[in-house]
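# Descriptive structure summary
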Amino acid sequence: MAGISDAPFIQSLAVPAVCLLIAFLSYFSQVLFNHSTLDPGPLSRTESTTFNILLLCLWVSYFRAVTVDPGRYVFADQVIEAEGRWCKKCQAPKPPRAHHCRHCQRCIPKMDHHCPWTKNCVSMTTFPHFLRFLVYANVSLWTLSYFFWQRLYALWETRHMPAHLGPTLAALVSLAMSGLVCAITSLALGIMLITTVQGWVLNRTTIEGWEVDRHEANIGRGSRDWWDMTGPDGEPIRFEKVEFPYDIGFFANMAQAMGTSNFLLWFFPLAGNPKISKTGTGTGFTWEENGFNRKEGMWPPLDPEKLRRAGREWGISRRNYEAELEDEGLTPQEQLEAFKRRQEEDMRRRKRRQDVLLAELEEVDGFGSDRDDYDDDETNCNNAMRNWANSDGEYLRDYGVDEDAEEQDEDVPLVELLRRRHVGTTSYSDS
Ligand SMILES: [Zn+2]
Ligand SMILES: [Zn+2]
């Protein structure tokens, strides 16, 4: 996905290509049905009207999915709080559920993902249009598939007739070709619709789904639901199981995403979208939570792996990779012994080199010993390789997120936060 959306020719050609595909499937097939020798002949008036109304809705919702602004935060206040998340690229606070999009080059409210096919972010403001686009695209494709099915069935029924009495070769080739394109498009957009509706009902963006997977992988590494660690700045931090907080009931989830609880408007192509506002919840700055966690604002959960890297970057800890690589090809018994030996070494190193963070992580049963999910080998350590990927091999950057700007607050020592606050305030006063 990253490869596709990063290629410059895709970036400039994706939207025209989608328009071409819609035009081909909708109008070429109607010409084929109405002006060829294919049975059962031209579309009826009802069929034709229904199909063209669906297409109109499709064009309108696609246009709006492409052109509606994905949202922008404006911080009018001179005081910039270093509390909470902070975007180092925008030099501004990053409200919950926002992410810095590397294509849009700013923080996007409730960013779902940057869609190459709409050349726009799917976000708090564009989600309703994106969902309507997918719904109308799918319903149009199902209608078109029905028209294709009618014609294929008619062909099958007349299979014993002399071939020269049937449709022309050009009509048959056109039918096969457009039918195939319709089938492939239906499959791809069907999958997209299912995952998007799932995210809509659960109030979970694509990025948050990825975060849920990462959190489950991290929790699965320890034997308990929580453990204590030391952050890069020496502050004690508790890593614990966090429930996804934004699922507040399916109807409220759906109404929040569409910006209205009037469900008659949800699929109206000209209906609006949620507006960014500092007042009220679910409007970009604050989000209602379901109260399953011991306090609000715990999402996204801490990533111990990221925290440990942050510690390494800040020069406090350094992982003993040579020792860990010994695990390769050992029996479980030998691995256990190697693990215990490393633990002792770590304890010694802690005294020697202030390696607090590393030692505490190693105390958690097995944490960090299963290293398959993390491409973290120091021999080829670079920014792209060292982050977590889900089971589909997708990194956060594949959704358009600028991972450099995606540090957790805990990654940043207090002095850095203070420096940023100073820089941020200065640049705001200057402007
Ligand atoms: Zn940003
Ligand atoms: Zn974007």
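Reading the values: the criteria
Residues numbered from 1 in each chain as written. Chains lettered and ligands numbered in written order. Predicted model: local features only at pLDDT ≥ 70, side-chain atom pairs only at ≥ 80, totals over all residues. Heavy atoms only, no water. Donors = N, O, S within 2.8 Å, 3.2 Å for Na, K, Ca; no water. Helix = DSSP H or I, 4+ residues; strand = E, 2+ residues; numbered from the N terminus. Buried < 20%, exposed > 50% of the residue type's maximum accessible area, 1.4 Å probe, protein only. Tetrahedral: all angles 85-135°; square planar, octahedral: opposite > 155°, others 65-115°. Core = buried A, V, L, I, M, F, W, Y, C linked by side-chain atoms within 4.5 Å. Salt bridge = Lys/Arg side-chain N within 4 Å of Asp/Glu carboxyl O.

Under an unreviewed UniProt entry, the name given to the protein is Palmitoyltransferase PFA4, and the organism recorded is Trichoderma asperellum.

## Focus: the coordination of the zinc ion (ligand 1)
For the zinc ion (ligand 1), the full set of protein donor atoms is Cys 87 (SG), Cys 90 (SG), His 100 (ND1) and Cys 107 (SG), and the range of their distances to it is 2.0 to 2.3 Å. Taken in sequence order, the residues that donate to the zinc ion (ligand 1) follow the motif C-x2-C-x9-H-x6-C. Taken together, the positions of Cys 87 in strand β1 (residues 86–87) and Cys 107 in strand β4 (residues 106–108) put the pair 20 residues apart, joining distant regions of the chain. Across the pair, Cys 107 and Cys 87 agree in class, each one buried.

## Considerations on the coordination of the zinc ion (ligand 2)
In this structure, Cys 101 (SG), Cys 104 (SG), His 114 (ND1) and Cys 121 (SG) serve as the protein donors to the zinc ion (ligand 2), at separations of 2.0 to 2.3 Å. Geometry at the zinc ion (ligand 2) is tetrahedral, judged from the 4 donor atoms that bind it and their angles of 104 to 114° at the metal. Spacing between the donor residues of the zinc ion (ligand 2) along their common chain follows C-x2-C-x9-H-x6-C. Of this pair, Cys 101 sits in strand β3 (residues 99–101) while Cys 121 is found in strand β6 (residues 120–122), placing the two residues 20 residues apart along the sequence. Classification of Cys 101 by relative accessible area gives buried; the value is 0%.

## Overview of the nonpolar core
In terms of nonpolar packing, the biggest core is built from 39 residues, with Leu 58, Leu 144 and Trp 200 touching the most fellow members. When contributions to this core are tallied by element, the ones reaching two or more residues are α2 (8–35), α3 (45–67), α4 (127–157), α5 (169–202) and α7 (250–258). Considering every element that reaches this core, the biggest residue donor is α4, with 12 residues. Membership of the second largest hydrophobic core comes to 11 residues, among which are Ile 108, Cys 121, Trp 388 and Leu 396.

## Digging into the pattern of salt bridges
For the coordinates displayed, the defined rule picks out 5 salt bridges. Among the salt bridges present, the one from Arg 97 reaches Glu 208, with a minimum N-O distance of 2.8 Å. In this pair, Arg 97 is assigned in the loop between β2 (92–93) and β3 and Glu 208 in helix α6 (residues 206–219), connecting sequence segments 111 residues apart. Glu 208 carries the same exposure label as Arg 97, and that label is buried.

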